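Residues per chain, in single letters:
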Amino acid sequence: MSEERLFPKSVDEVILEKVRFFFLPDRTAAFVKNLVDGKVSERSLICCNSGCDVCNETIYNCYMAVKKELDQT
(Lines give C-alpha, C1' and ligand atoms only; values in the text may rest on other atoms or scores of the structure.)
Protein backbone atom coordinates (compact mmCIF):
# COMPACT_ATOMS: atom_id res chain seq x y z
CA MET A 1 0.00 0.00 0.00
CA SER A 2 1.46 3.35 -1.06
CA GLU A 3 1.91 6.07 1.52
CA GLU A 4 0.00 9.23 0.59
CA ARG A 5 1.93 12.41 1.32
CA LEU A 6 1.19 16.02 0.56
CA PHE A 7 4.89 16.71 0.05
CA PRO A 8 7.69 14.33 -0.98
CA LYS A 9 10.12 13.09 1.67
CA SER A 10 12.99 15.42 2.41
CA VAL A 11 16.55 14.30 1.75
CA ASP A 12 17.08 14.00 5.50
CA GLU A 13 13.99 11.78 5.86
CA VAL A 14 15.17 9.50 3.04
CA ILE A 15 18.64 9.26 4.55
CA LEU A 16 17.39 8.43 8.05
CA GLU A 17 14.96 5.85 6.66
CA LYS A 18 17.75 4.09 4.75
CA VAL A 19 20.22 4.32 7.66
CA ARG A 20 17.68 2.55 9.84
CA PHE A 21 16.86 0.03 7.09
CA PHE A 22 20.54 -1.00 7.01
CA PHE A 23 20.61 -1.15 10.85
CA LEU A 24 23.21 1.59 11.01
CA PRO A 25 23.38 3.91 14.01
CA ASP A 26 21.47 7.16 13.50
CA ARG A 27 24.77 9.05 13.87
CA THR A 28 25.83 7.79 10.43
CA ALA A 29 23.00 9.79 8.81
CA ALA A 30 25.18 12.94 8.95
CA PHE A 31 27.99 11.08 7.17
CA VAL A 32 25.61 9.80 4.48
CA LYS A 33 24.30 13.37 4.08
CA ASN A 34 27.88 14.52 3.45
CA LEU A 35 28.19 11.81 0.79
CA VAL A 36 24.97 12.96 -0.88
CA ASP A 37 26.17 16.58 -0.76
CA GLY A 38 29.53 15.61 -2.29
CA LYS A 39 31.53 16.67 0.77
CA VAL A 40 32.96 13.15 1.18
CA SER A 41 34.14 10.92 -1.67
CA GLU A 42 32.27 7.65 -2.07
CA ARG A 43 35.62 6.10 -3.04
CA SER A 44 36.54 6.06 0.63
CA LEU A 45 33.82 3.51 1.35
CA ILE A 46 35.60 0.22 0.83
CA CYS A 47 35.44 -2.65 3.28
CA CYS A 48 38.90 -3.18 4.76
CA ASN A 49 37.87 -6.35 6.65
CA SER A 50 39.14 -4.92 9.93
CA GLY A 51 35.84 -5.52 11.71
CA CYS A 52 34.87 -1.87 12.01
CA ASP A 53 32.03 -0.94 14.32
CA VAL A 54 30.20 0.38 11.25
CA CYS A 55 31.44 -1.18 8.03
CA ASN A 56 32.17 1.22 5.17
CA GLU A 57 30.64 -1.26 2.73
CA THR A 58 27.32 -1.13 4.59
CA ILE A 59 27.44 2.67 4.56
CA TYR A 60 28.15 2.53 0.82
CA ASN A 61 25.15 0.24 0.24
CA CYS A 62 22.99 2.60 2.29
CA TYR A 63 24.28 5.58 0.29
CA MET A 64 23.47 3.81 -2.99
CA ALA A 65 19.93 3.12 -1.74
CA VAL A 66 19.53 6.80 -0.83
CA LYS A 67 20.81 7.89 -4.24
CA LYS A 68 18.44 5.49 -5.99
CA GLU A 69 15.42 6.77 -4.08
CA LEU A 70 16.40 10.42 -4.58
CA ASP A 71 16.89 9.84 -8.33
CA GLN A 72 13.33 8.48 -8.57
CA THR A 73 11.82 11.70 -7.25
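Just above, that's the structure.
No experiment lies behind these values; they were computed from the predicted model shown.

How each quantity is defined
- Residues numbered from 1 in each chain as written.
- Predicted model: local features only at pLDDT ≥ 70, side-chain atom pairs only at ≥ 80, totals over all residues.
- Heavy atoms only, no water.
- Salt bridge = Lys/Arg side-chain N within 4 Å of Asp/Glu carboxyl O.
- Buried < 20%, exposed > 50% of the residue type's maximum accessible area, 1.4 Å probe, protein only.
- Helix = DSSP H or I, 4+ residues; strand = E, 2+ residues; numbered from the N terminus.

The next subject is the pattern of salt bridges. Counted by the stated rule, this structure contains eight salt bridges. With its nearest N and O atoms 2.6 Å apart, the salt bridge here joins Glu-17 to Lys-9. Lys-18 is paired through a salt bridge with Glu-17; the nearest N and O atoms lie 3.9 Å apart. Exposure remark for Glu-17: the relative accessible area of 33% places this residue in the partly exposed category. One network of salt bridges, in which partners are shared, links Lys-9, Glu-17, Lys-18 and Glu-69.

Positive phi outside glycine occurs at Phe-23, with the angle close to 55°. Mapped onto the elements, Phe-23 comes out in the loop between α1 (11–21) and α2 (28–36). Here Phe-23 falls in the exposed class, since its relative accessible area comes to 77%. Of note, Asn-49 is a non-glycine position whose phi angle comes to about 55°, a positive value. Here Asn-49 lies in the loop between α2 and α3 (56–72). Judged by its relative accessible area of 69%, Asn-49 falls in the exposed class.

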